[in-house]
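# Results of the structural survey
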Amino acid sequence: MSNLTQKFESEFAKFVGSKYALMVNSGSSANLLASFALINPKKKNYLKPGDNFIIPTTCWSTSLWPLVQCGLKPKFVDVNINTFCLDEELIEKKEFKNAKAIMNIHILGNSPDIKKIADFAKEKKMYLIEDTCEALGSKFKSKYLGTYGDFGTFSFYYSHQITSGEGGMVVCKTREDYEIIHTLRAHGWDRG
């Protein structure tokens, strides 16, 4: 990681309104780091194998699979036909009450009522990851997508909004989360 990358991380965090941003090689890896941060024993109230997470039925394998690799169990929720995103009206159903996390995916720049989902997650003490790989620059109300949850993930793949050829970014709100994803990016080392 060079000074240019660190400057990009800093400017990206400022642009989206997040406290921390960490560059990775892809949006897929951004999802991987955010997912593995949730099960890291260094994290307060970390998730354990067998814990459930909510994910929309319209999703990418790179949004679903990292959480499954963590030993977590998916609970699929249908999407709203107007947005193709998680139907926020359905997450309060009985079959989802034991979920510990939500993986929300902002499809094609669209968003569900992410404020409602974030408030629900906070009330139920659930973690929220926003896969924002297809929605960089999109807002809900006056706030950028990717900043409502505990983690927001972004992709700079050539077919997305901005590109670095490849690459991705993870944003988060707390120093604890930043240190965990920073260490995970470096295969367990805390470089720099």
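Structural notes, computed from the coordinates. (Residues numbered from 1 in each chain as written. Predicted model: local features only at pLDDT ≥ 70, side-chain atom pairs only at ≥ 80, totals over all residues. Heavy atoms only, no water.)

## Regarding the environment of Phe 12
Convention followed: Working definition: helices are DSSP H or I runs of at least four residues, strands are E runs of at least two. Numbering for both runs from the N terminus. Buried means the residue's accessible area, taken with a 1.4 Å probe over protein chains only, is under 20% of the maximum for its type, while exposed means over 50%, and partly exposed covers the values in between. Here a residue-residue contact requires only that any non-hydrogen atoms of the pair lie within 4.5 Å.
The topology assignment puts Phe 12 in helix α1 (residues 3–16). For Phe 12, a relative accessible area of 4% corresponds to the buried category. Sequence-wise, Phe 12 and Pro 56 are 44 residues apart; in three dimensions their C-alpha atoms are separated by 27 Å. The contacts of Phe 12, once residues within four sequence positions are left out, are Ala 21, Leu 136, Phe 154, Phe 156, Met 169 and Val 171.

## Focus on α1
As a reminder, the rule being used: To estimate the expected span of a helix, count its residues, drop one, and scale the result by 1.5 Å. This arc describes the spread of directions from the helix axis toward the C-beta atoms.
Between its terminal C-alpha atoms α1 stretches 20 Å, which fits the 20 Å expected from 14 residues at 1.5 Å a residue. Taken together, the buried positions of α1 are occupied by Thr 5, Glu 9, Phe 12, Ala 13 and Val 16. Axial view of α1: buried residues confined to an arc of 100 degrees, hence all on one face. In this structure, α1 carries Asn 3, Leu 4, Lys 7 and Lys 14 as exposed residues pointing more than 90 degrees from its buried face. In the core, the buried residues of α1 are packed alongside β1 (20–24), β7 (143–144), β8 (151–155), β9 (168–172) and α5 (175–185). Just downstream of α1 lies Gly 17, where phi reads positive at about 85 degrees.

## What to know about the packing of aromatic side chains
Operational definition: Pairing of aromatic side chains requires ring centres within 6.5 Å, counting the rings of Phe and Tyr and the six-membered ring of Trp. Pairs whose planes differ by under 30 degrees are stacked, by over 60 edge-to-face, and all others tilted.
All told, the structure shown has seven aromatic pairs when counted by the stated rule. When the centroid spacing of 5.4 Å and the interplanar angle of 55 degrees are considered together, the rings of Phe 8 and Phe 156 count as tilted. On the criterion of sequence distance, the pair formed by Phe 8 in helix α1 and Phe 156 in the loop between β8 and β9 is long-range, its members being 148 residues apart. Taking the relative accessible area as the measure of exposure, Phe 156 reaches 1% and is therefore buried. Centre to centre, the rings of Phe 12 and Phe 154 are 5.0 Å apart; their planes meet at 75 degrees, and the pair counts as edge-to-face.

## Some thoughts on the state of the cysteines
Heads up, the rule is: Two cysteine sulfur atoms make up a disulfide if the distance between them is within 2.5 Å.
In this structure the tally under the stated criterion is zero disulfides. Free of any disulfide, Cys 70 has its nearest neighbouring cysteine sulfur in Cys 59, separated by 15 Å. Judged by its relative accessible area of 6%, Cys 70 falls in the buried class. Counting only cysteine sulfurs, Cys 59 is the nearest neighbor of Cys 133, a cysteine outside any disulfide, at a range of 13 Å.

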